[in-house]
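For reference, the chains in residue letters:
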Amino acid sequence: MTKGRMDTLGCPEEEPPGGFCSPSPRSEPHCKPETHMDVQGFRWVCWRVWLCHIGSVLSLGLLLVLFRWRPRLGLLARCNSCPLAFANILLLRDSFGQQYVVEVLTEELEEGSLESAGSEAEDSSDWRDTVQLHKEEVPLLHYYLFEGLRYVWMARKGAFCRVSVLNEDWTCADIYRFREGLSRLEQNTRRKVYGTNLIDVPVKSFMRLLIEEVLNPFYVFQVFSIALWLTDSYYYYAACIVIISLISICVSLYEIRKQSNTIRSMAQQITNVTVRRSSGEEDSLSSVELVPGDCVLIPQEGLLLPCDAALLAGECMVNESMLTGESVPVMKTPLPAAGGRYSPETQRRHTLFCGTQCIQAKGGRPGRGGAIAVVTSTGFFTAKGDLVSSILYPQPINFRFYQDAIKFLLFLGGVALCGTVYSIVILSRTNTTWWELVIRALDIVTIVVPPALPAAITTGTIYAQSRLKREGVFCISPPRINISGKVSLFCFDKTGTLTEEGLDVWGVMEGSGAGFSELVPDPRLLPQGPMLSAMACCHSVALLGGQPLGDPLELKMIESTGWELEEPAGDDKTLDSEFGGHRVLAVMRPPACPLQSESVSIHEAVALVQRFPFSSSLQRMSVVTVNPEGQSSLAFIKGAPEMVASLCLRESVPAQFSNTLRNFASDGFRVLALGYKTLYGQTDLSTIERGEVERDMQFLGLLVMKNLVKPESAEVITTLRLAHLRTVMVTGDNVLTAVNVARTCGMLGSNERVIFVHATPQTAQSLPSLRFHLGEGGTEDTATQSSIDMYTQGLYQGVINYHLAINGKSFSALCDHFPEYLPKVLMRGTVYARMAPEQKTQLVTELQKLNYRVGMCGDGANDCGALRAADVGVSLSEAEASVASPFTSKSDNISCVPLLIREGRCSLVTSFSLFKYMALYSLIQFSSVLILYTEKTNLGDLQFLFFDMVLVTLLAIVMGKGGPSTELHPQRPPASLLALPVLASLTLHTLLLILGQVSALLITTSQDCIWLYRHL
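1. With respect to the overall build of the protein chain
Each helix and strand counted, the protein chain has 32 helices and 41 strands in total. Looking at the protein chain alone, contacts between residues at least 24 apart form 71% of all its contacts between residues at least 6 apart. A total accessible area of about 45,000 Å² is found for the protein chain, and carbon and sulfur atoms account for 57% of it.

2. Some thoughts on the packing of helix 9 (residues 235–267) against helix 11 (residues 383–392)
Put simply, helix 9 and helix 11 touch, their axes get as near as 11 Å, and they point 175° apart. In terms of orientation, helix 9 and helix 11 fall into the roughly antiparallel class. Contacts from I263, M266 and A267 in helix 9 reach K384, V388, I391 and L392 in helix 11. Class assignment for the residues of the contact of helix 9 with helix 11 results in 6 nonpolar, no polar and 1 charged.

3. Topic: the sheet that holds strand 21 (residues 473–475)
One open sheet accounts for 10 strands, arranged 21-41-40-39-22-34-38-37-35-36; its pairing is mixed. Each edge of the open sheet carries a strand with a single partner, namely strand 21 and strand 36 (769–774). Ignoring strand direction, the axes of neighbouring strands in this sheet form an average angle of 20°. Here strand 35 (residues 753–760) pairs with strand 37 (residues 802–807) via 5 bridges, running parallel. Residue pairing in the sheet places V757 in a bridge with I806 of strand 37.

4. Here we look at unusual backbone geometry
Even without glycine at this site, L60 takes up a positive phi of about 60°. Mapped onto the secondary structure, L60 falls in the loop between helix 1 (46–58) and helix 2 (62–69). The backbone of R834 shows a phi angle near 50°, a positive value even though the residue is not glycine. Following the sequence through the fold, R834 ends up in the loop between strand 38 (829–833) and helix 28 (837–849). Overall, the relative accessible area of 15% leaves R834 in the buried class.

5. Brief notes about helix 6 (residues 184–194)
Along helix 6, the positions that sit buried rather than exposed are Q187, T189, R190, R191, V193 and Y194. The first or second residue beyond helix 6 is G195, which carries a positive phi of 90°.

6. Here's the deal with a nonpolar patch on the surface
A surface patch of nonpolar side chains, about 510 Å² in accessible area, is lined by F946, V950, L951, L954, I957 and V958. Here V958 shows up in helix 31 (residues 941–960).

7. Considering the pairing of strand 23 (residues 504–512)
When strand 23 meets strand 33 (residues 698–706), the two strands line up antiparallel, connected through 6 bridges. Following the sheet pairing, V508 is matched in strand 33 by L703. In this sheet, strand 24 (residues 515–516) lies alongside strand 23 in antiparallel orientation, the contact comprising 2 bridges. Within strand 24, the residue paired with S512 across the bridge is G515. Between strand 23 and strand 24, which pair antiparallel and follow one another directly, the connecting turn spans 2 residues.

8. Considering the state of the cysteines
Taken as a whole and judged by the stated rule, the model has 0 disulfides. For C79, which is in no disulfide, the shortest distance to another cysteine sulfur is to C52 and amounts to 8.7 Å.

9. Structural notes on the confidence of the model for the protein chain
Scored by pLDDT, the protein chain has a mean of 80; 87% of the residues are at 70 or more. Confidence drops under pLDDT 50 across residues 1–34; counting only partners more than four residues distant or on other chains, this segment forms 119 contacts.

10. Some points on the environment of H803
When you line up the elements, H803 lands in strand 37. Judged by relative accessible area, H803 falls into the buried class, the value being 12%. With sequence-adjacent residues up to four places away left out, H803 is seen in contact with R721, M747, L748, E752, R753, V754, I755, R828 and T830.

11. Some points on the nonpolar core
Across soluble globular proteins, nonpolar side chains have a tendency to be buried as a group. In this structure, F492, F887, I894 and V897 are the most contacted members of the largest nonpolar core, which totals 81 residues. The greatest single-element share of this core, amounting to 15 residues, is contributed by helix 30 (residues 896–934). In this structure, V897 is in contact with F490, F492, L720 and C857, ignoring residues within four places of it in sequence. L149, W153, Y194 and A267 belong to the second largest nonpolar core, which has 34 residues in total.

12. A look at helix 7 (residues 206–214)
Along helix 7, the residues that are buried comprise L209, E212 and E213. The arc enclosing the buried residues of helix 7, seen along the axis, measures out at 100°, which places them on a common side. Where helix 7 is buried, its residues meet helix 2, helix 8 (217–231) and helix 9.

13. A closer look at the pattern of salt bridges
Applying the stated criterion to the full structure yields 25 salt bridges. Among the salt bridges present, the one from D493 reaches K840, with a minimum N-O distance of 3.5 Å. Here K840 lies in helix 28 and D493 lies in the loop between strand 22 (489–492) and strand 23, a separation of 347 residues in the sequence. Taken as a pair, D493 and K840 share a single burial class, namely buried. The salt bridge partner of R853 is D871, with a shortest N-O separation of 3.1 Å. Here D871 lies in the loop between helix 29 (864–869) and strand 40 (872–876) and R853 lies in the loop between helix 28 and strand 39 (854–858), a separation of 18 residues in the sequence. For D871, a relative accessible area of 12% translates into the label buried. Several salt bridges converge on common partners, so that one network encompasses R184, R277, E281 and D283.

14. Concerning the packing of aromatic side chains
Each aromatic ring pair is described using two quantities: the centre-to-centre distance and the angle formed by the ring planes. Enumeration over the complete set of coordinates arrives at 13 aromatic pairs. With a centroid separation of 5.0 Å and 65° between ring planes, the pair formed by Y100 and F146 is classed as edge-to-face. Note that Y100 is positioned in strand 5 (residues 99–103) and F146 in strand 8 (residues 136–146), a separation of 46 residues in sequence. Between W506 and F669, the aromatic rings sit 5.0 Å apart at their centres with planes inclined by 50°, giving tilted as the arrangement. Here the residue W506 occupies a position in strand 23, and F669 occupies one in strand 32 (residues 669–679), the gap between them amounting to 163 residues. Residue F669 is classed as buried on the basis of its relative accessible area of 8%. Connected via pairs of aromatic rings, a cluster forms that spans Y144, Y151, W153 and F160. A cation over a ring is seen here: R257 above F206, with NZ or CZ 4.9 Å from the ring centre.

15. What about the packing of helix 2 against helix 3 (residues 71–78)?
Running from amino to carboxyl end, helix 2 crosses helix 3 at an angle of 120°, the nearest separation of the two axes being 4 Å. With respect to their mutual orientation, helix 2 and helix 3 come out oblique. Mapping the contact onto sequence places L66, F67, R68 and W69 in helix 2 and P71, L73, G74, A77 and R78 in helix 3. Here the residues of the contact of helix 2 with helix 3 are counted per class, giving 6 nonpolar, 1 polar and 2 charged.

16. Considerations on the sheet that holds strand 11 (residues 272–276)
Ordered by their spatial adjacency, 6 strands build an open sheet running 12-11-13-20-15-18, and the pairing between neighbours is antiparallel. With partners counted over all chains shown, the strands left at the sheet margins are strand 12 (282–286) and strand 18 (351–352), one partner each. As paired elements, strand 13 (residues 295–298) and strand 20 (residues 371–377) share 4 bridges and run antiparallel to each other. If you follow C295 over to strand 20, its bridge partner there is V374.

17. Structural notes on the pairing of strand 10 (residues 159–162)
Strand residues, when the strand is regular, have side chains that alternate between the two faces of the sheet. Both strand 9 (residues 149–154) and strand 10 contribute to a ladder of 4 bridges, which runs antiparallel. Each residue of the ladder has a partner; that of M154, found in strand 10, is A159. The hairpin turn running from strand 9 into strand 10, its antiparallel successor, is 4 residues long, and G158 in that turn takes a positive phi close to 65°.

18. Describing the side chain of H773
Within the secondary structure, H773 is located in strand 36. The class of H773 is buried, set by a relative accessible area of 16%. Only 3.0 Å separates the side chain of H773 from the side chain of H758, close enough to count as a polar contact.

What counts, and at which threshold
Residues numbered from 1 in each chain as written. Predicted model: local features only at pLDDT ≥ 70, side-chain atom pairs only at ≥ 80, totals over all residues. Heavy atoms only, no water. Helix = DSSP H or I, 4+ residues; strand = E, 2+ residues; numbered from the N terminus. Contact = heavy atoms within 4.5 Å. Areas by Shrake-Rupley, 256 points an atom, 1.4 Å probe, with all protein chains shown as cover. Axes fitted to C-alpha atoms, helices over the stretch in contact; angles between N-to-C directions. Parallel < 35°, antiparallel > 145°, perpendicular 65-115°, else oblique. Nonpolar A, V, L, I, M, F, W, Y, C, P; charged D, E, K, R; others polar. Pairing = 2+ DSSP bridges. Buried < 20%, exposed > 50% of the residue type's maximum accessible area, 1.4 Å probe, protein only. Patch = residues over 30% accessible without salt bridge, like charges linked within 9 Å, V, L, I, M, F, W, Y side chains within 5 Å. Salt bridge = Lys/Arg side-chain N within 4 Å of Asp/Glu carboxyl O. Disulfide = S-S within 2.5 Å. pLDDT = per-residue confidence, 0-100. Core = buried A, V, L, I, M, F, W, Y, C linked by side-chain atoms within 4.5 Å. Arc of directions from axis to C-beta. Phe/Tyr/Trp six-rings, centres within 6.5 Å; stacked < 30°, edge-to-face > 60°. Lys NZ or Arg CZ within 6 Å of the ring centre and 35° of its normal. Polar contact = N/O pair within 3.5 Å; in protein donor to acceptor, adjacent residues only side chain to side chain.

Next up, the structure:
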């Protein structure tokens, strides 16, 4: 059998057909973890197919049911194995062991269009087959569809690869080459290769859903049981089960159909867009026809984006709440032409994501307004497509309770087998007919393995989900409710989660090489100079309907200066003329009235002509400004103090910089640094690169802002710590600020000390190092092996009452160069600062490797990856439900976290208890029936009906209604059904009941003997 190895994220080792750039792995902001699949090729064999059809008819469809449950057997029975290149049917097997059968499809390409699609004419046979039509070769593209994604055959790799690999290695310069647009022939060819731009959520018909539901092993077993009971004349009981099953199926089909329609309406968006053709004309077409490489013209009033696109010209204000849960719109700016390899993650501030709403576009098309972007991904390969895919095709949940439930059902099956053998032996000694013998033996199976067991254990989850929804917590993955009951560690974002979203300006401290000046509490009292201009201009705030819109921090900063924002109205060139003919993005005008201070003079207006938005990976933003008439231009930078200082001239940074920053951060202030430099006349401001702007800056000073902790945070953190749940802070802020907030909200006790972990990577001049030093004035220890062993031994053994704090750079160096110490740091780490979004995700996965059940709570902005990687992700969003995480809370604080954990524990305990009760009930009834078989009798129809309807179903419904405890206790509920206490309890109860029943039987028979003896 020929087996091919396929990487579902691409085939990064070899080059694809010419014209398209070589593929390479890609880490997208919303991408699922890498999964590898084994692919085996098969070809249909006609006589085998007909033989299986005959077998299916003779077996009354049982053979088809078997093939549905075991796809591999179906293919082996009807096909021959073959190399992947010649296969017309494939068997896929993912890393979780699940198997899927997909059909290989072909697409006929137009003759002469391969070159426009990017294939190599001299070696085009490497990725296509040819057939003879009218004595001419017609190129065929071989591909298959799986979970909405298209995979194309590439002979050089010997595998089917995601079609997205053809454009994953585009550079920024490559994207700019598409600015002139594609021809219609190129677009048609690419559409045949890439497929349509549609996130198509399949909505199955009721008949198909009914067939698929009935073929579920649970319902197949019920059909078998009902048929058996009818044969045995248990009409009342069978009728009740039929009615309940029909109601259950109808409700299930209704919910599935309703959910599919809801997801389809959310995912599928079709709109008309305008694209630029290579001929220079503009063409209006449906968004379904878009392909990677299309040049899209975004109107000034904005657009609901139907694809992922790189912004090439103009600025766009975008609402990304659908993807991130973050309600604050973000400013998107043009992609740098010399930015190297394009990545949606690193260039997310230049990328327009599918499903987001472009509120406003401007500056991209002189004389016409709007913006210009190039399509980079379509369909399920977009950010929105990946999120929809995660809902439609979730990864299997690795939770011990569900795994043990399956093992326990197999155990009950073994018990049923033993009971079947016993019943055959007992009944064969009597005058029982062979037909009744078979019926009685099979009836044992339906008694030991109750058909309602899988449905009963979900009762607690359904009630918990309903209660959570009433409290404003929405769930898109109900099985995770049970998992939340086992959470042992919860991570929290800081800004907007533990602390208030908004910040108040505390003061401004100007600085230079000579030192810092006194703190100025009101920025409007600053003397005339670049510091005030930097605060007024270095931002990404825009106007929408005359109202400023942007990051709350920047809104507060502008408000504190008193300056006013003005933007060009449409294609009005008045502002361009006022500022020397430069293309003006925005104008900042000083207040009209002078303040009381005589030292303050009114500044002149400043125009923003270039903007490089904030990036969490770069930890900074910058702008280029000009004064009226455009005679002089300045560049301003704002960002993390350490980052800004590193980009400033050494002689301009005060010697007290580190100490001053440490003092502010230790007091819990949010600190930003600002810098500037003069740009000389020979510089072309319209094409200047970010790297040229953000170097050799002059340090200006510090902007100090106060970020208050939300009143609910301390109470919730205290509740979690009293319940012995670890709490961890993961933030992009300064480590000292984070430590202060951690103390304020109770993560760090007043008597608990902090150890700061510093790790440095290897450089040309030095080896990697790992250092620990005590906070709050403690002395620093050098990187000696003895000091490391002293700390790590104490951390492992838990004898030192310390918490660890580490920043993002040290975390990366620790993972790369000191992996043996990573578990020790993770076990006591409480504060993780300056963490990039991908590092937050990495932290969650590393904690999970240590067998923690990890929860994550954030506002959704930079936490999407971590929220989805965590076992329990909670997004604080105003939306009713968000695809950014399994749980979404409408409240803006973390008070939902204890509620979720309590509901999770309640659901888990309820499911656990129902499972044990129904298993015990089955074992008791099993033993009762075997005893009655021994006495040549059995329970009656109404007796079975009473047991199952009154004693079991009613109790299952009532037991699930129990709500959670009002307090969060330290002891977490068990999750293993195969633990010794559970098995011992079931065994002991079963044995005692068997003993009681046997004793009652013996006593009864002995009484009969005594009565007979006395009357004889």
